[in-house]
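So the chains spell out like this:
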Amino acid sequence: MSNYKMAEANNRIVPAEDKIFGISQKAKEMMAREGADKVVNATIGSLLDDDGKLVILSSVVEVVNNLNPIDFADYAPIAGTPDFMESIKKAAFGSYVPKAYTEAVATPGGTGAIRNTIQNYSKRGDQVLTSDWYWSPYTTIAQEIERTIATYTLFDDEGNLYIASFESKVNELLSKQDGLVVILNTPAHNPTGYSFTLEDWNKIISVAKAAVTDGKKKLTLLVDIAYVDYAGDEEEYRKFYPLLEDLPTNILVVIGYSLSKSCTMYGMRSGAMICMTSDKEIADEFKLVCSFSCRGTWSNCNRAAMATISNIYADEALLAKVTAERQGYCKMLVQRGKAFQKAANEVGLKTVPFDAGFFVTVPCENADAVGLELQKAGIFTVPIGKGLRVSVASISEEVCKRLPEAMLKAIKTVNAK
Ligand SMILES: Cc1ncc(COP(=O)(O)O)c(C=O)c1O
């Protein structure tokens, strides 16, 4: 029984306050009290420039400002405008041309793609599998539709993908369920910054194939590529796609793509879910059931965002401009991550295996207490169970260079025997 007066808990655990928002708020209050230069707010999940301002791609803004009234006043078709569905595939796949049946359905950000995949490819009460380090809204999304999250251990003691843990969890869950949705957030995983190597991908795919080889069970690999455009070379980080071709028909691949970061359109709520399958009927079914889910939740998505992307992809020069502008910011972010990693190595601060992206995670005992200790020094990070998440996306390279030493000091103070 819940303590709500009018609301129903419906098996959800609803926290009174969003944890990240709460810590970020404390950072803002300290900034107002003591000055911005006294505070490091490494909690924010958006890319900020070195002055702490939100990075906004000016080339995208230009396109938005030139939209026609019909582009935002009218409804969009439920699955997205035809131009958008083609453009978003190009955005997600880059120069790769899939040898598979693909269908795209527009969603409000990457979040909508995650929600619709869980809704359509698992049953109520099922468990959805992801790694032990994961973006906490996966739990919220799963709970909302009466599923729960199960985890495998992402890294072994050497910091390599712990494929044995993945394998045993996949098999355990498939022994209890008719099907399984697995969420793989790569490249530049939130919160660790890890990117699966091609070798990791090969291992994952062979486990997946072996798990459903008798044809009785179904597996959906949801590849959450929210950070694909901020890992480094855009082509390099898309090289895993061909490995997802020619899979058995009882393995469905769904790519969750978000325009929030890729086009700095966080607030316009746009993205897509794109399936890859070797069976045309399964692709058609994907379109049908996911469109139904859209209709039953948010109905259609933001038409202005669709028009923006369609216009960018209809004009080669414009696309080149947007890509170049984003690459500049990507470079800035990659340098910050490298600076943090280098400084961490120099002072002997351990990090969870990191490659690129918005976040670095520092593993530690008593993460909540270490987080509070850091706050005393004006440093705000997010405790996430077994460690502290640092958003290198929201702090300058200079701060990245000095943060590891301060973190090590706080860890030692709190955990001194
Ligand atoms: C791991 C991960 N997946 C998906 C998303 C999707 O976000 P949005 O719905 O804003 O596009 C995010 C955003 O922070 C994320 O961190």
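Up top is the structure.
Residues numbered from 1 in each chain as written. Predicted model: local features only at pLDDT ≥ 70, side-chain atom pairs only at ≥ 80, totals over all residues. Heavy atoms only, no water.

**What about the overall build of the chain?**
When helices and strands are counted, the chain shows 14 helices and 12 strands. Here the C-alpha radius of gyration of the chain, 21 Å, is about what a compact globule of 417 residues would show, namely 22 Å. In terms of its C-alpha atoms, the chain occupies a principal-axis envelope of roughly 60 × 55 × 50 Å. For the chain, the residues scored as buried account for 54% of the 417 residues in total. When contacts within the chain are restricted to residue pairs at least 6 apart in sequence, those whose partners lie at least 24 apart make up 74%. (Helix = DSSP H or I, 4+ residues; strand = E, 2+ residues; numbered from the N terminus. Rg over C-alpha atoms; globule rule 2.2 N^0.38 Å. Buried < 20%, exposed > 50% of the residue type's maximum accessible area, 1.4 Å probe, protein only. Contact = heavy atoms within 4.5 Å.)

**As for the site of the ligand**
Residues in contact with the ligand amount to 15 residues; listed here are only the nearest, Thr-111, Asp-224, Tyr-227, Ser-258 and Lys-261. Side-chain polar atom of Thr-111 to an oxygen atom of the ligand: 2.5 Å apart, as the coordinates give it. Between the ligand and Asn-190 there is a distance of 2.9 Å, counted from an oxygen atom to a side-chain nitrogen or oxygen. For the ligand, whose accessible area on its own is 390 Å², the fraction buried by protein is 92%. Mapped onto the shell around the ligand, the elements with two or more residues apiece are helix H5 (109–121) and helix H9 (259–262). In terms of residue count, the dominant contributor to the shell around the ligand is H5 (four residues). Within the shell around the ligand, the residues separate by chemical class into five nonpolar, seven polar and three charged. (Near = heavy atom within 4 Å. Polar contact = N/O pair within 3.5 Å; in protein donor to acceptor, adjacent residues only side chain to side chain. Areas by Shrake-Rupley, 256 points an atom, 1.4 Å probe, with all protein chains shown as cover. Nonpolar A, V, L, I, M, F, W, Y, C, P; charged D, E, K, R; others polar.)

**Observations concerning the nonpolar core**
In terms of nonpolar packing, the biggest core is built from 91 residues, with Tyr-241, Leu-244 and Ile-255 touching the most fellow members. Sequence-distant contacts of Tyr-241, defined by excluding residues within four places in its chain, comprise Ala-92, Phe-93, Tyr-96, Ile-225, Ile-255 and Met-276. One finds Ala-42, Val-334, Ala-393 and Cys-400 within the second-largest nonpolar core, a separate group that totals 42 residues. (Core = buried A, V, L, I, M, F, W, Y, C linked by side-chain atoms within 4.5 Å.)

**So, a nonpolar patch on the surface**
A surface patch of nonpolar side chains, amounting to about 230 Å² of accessible area, comprises Leu-54, Ile-56 and Val-61. Secondary-structure assignment places Val-61 in helix H2 (residues 58–65). Looking at Val-61, the relative accessible area reads 31%, which means it is partly exposed. (Patch = residues over 30% accessible without salt bridge, like charges linked within 9 Å, V, L, I, M, F, W, Y side chains within 5 Å. Salt bridge = Lys/Arg side-chain N within 4 Å of Asp/Glu carboxyl O.)

**Things to note about the pattern of salt bridges**
Considering all chains together, one arrives at 22 salt bridges under this definition. Arg-303 is the partner of Asp-74 in a salt bridge, and the nearest nitrogen-oxygen pair spans 3.9 Å. You can see Asp-74 sitting in the loop between helix H3 (69–73) and helix H4 (82–93) and its partner Arg-303 sitting in helix H11 (residues 303–313), a full 229 residues away along the chain. The exposure class of Asp-74 is partly exposed, given its relative accessible area of 38%. Glu-86 is the salt-bridge partner of Lys-89, the closest N and O atoms lying 3.8 Å from each other. Highlighted residues: Lys-89 and Glu-86, both in helix H4, separated by three residues, approximately one helical turn. Overall, the relative accessible area of 45% leaves Glu-86 in the partly exposed class. Within this structure, Lys-169, Glu-172 and Lys-176 form a network of salt bridges that share partners.

**Points about H2**
Spacing of three or four residues puts side chains on the same side of an α-helix, whose turn is 3.6 residues. All of the buried residues in H2 are Ser-59, Val-60 and Val-63. All buried residues of H2 project into a common sector of 100 degrees when viewed along the axis, lining one side. (Arc of directions from axis to C-beta.)

**Examining the packing of aromatic side chains**
Scanning the entire structure with this criterion turns up 16 aromatic pairs. With a centroid separation of 5.1 Å and an interplanar angle of 15 degrees, the aromatic rings of Tyr-96 and Tyr-241 are classed as stacked. Residue Tyr-96 is found in the loop between H4 and strand S2 (101–107), and its partner Tyr-241 is found in the loop between strand S6 (218–224) and strand S7 (251–258); the two are separated by 145 residues along the sequence. Overall, Tyr-96 belongs to the buried group, its relative accessible area being 14%. For Tyr-241, a relative accessible area of 0% corresponds to the buried category. Aromatic side chains Phe-196 and Trp-201 sit 5.7 Å apart centroid to centroid with 80 degrees between the ring planes, which places their arrangement in the edge-to-face category. Assigned by exposure class, Phe-196 and Trp-201 land together as buried. Aromatic ring contacts, followed pair by pair, group Phe-93, Tyr-96, Phe-155, Tyr-194, Phe-196, Trp-201, Phe-240 and Tyr-241 into a single cluster. Positioned above the aromatic ring of Trp-133, the side-chain terminus of Lys-386 is 4.8 Å from the ring centre. The side chain of Arg-389 reaches across the aromatic face of Phe-359, ending 3.8 Å from its centre. (Phe/Tyr/Trp six-rings, centres within 6.5 Å; stacked < 30°, edge-to-face > 60°. Lys NZ or Arg CZ within 6 Å of the ring centre and 35° of its normal.)

**Focus: the sheet that holds strand S12 (residues 387–391)**
The strand order across the open sheet built from three strands is S9-S12-S11, with neighbouring strands paired in antiparallel fashion. Of all the strands in the sheet, just strand S9 (359–363) and strand S11 (382–383) have a single pairing partner and so form its edges. Where helix H13 (residues 367–376) meets the sheet, it contacts S11 and S12, and its direction lies at approximately 45 degrees from that of S12. (Pairing = 2+ DSSP bridges. Axes fitted to C-alpha atoms, helices over the stretch in contact; angles between N-to-C directions.)

**Quick word on the environment of Val-370**
Locating Val-370 in the fold gives a position in helix H13. Along the chain, Val-370 and Thr-381 lie 11 residues apart, while their C-alpha atoms are 9.5 Å from each other.

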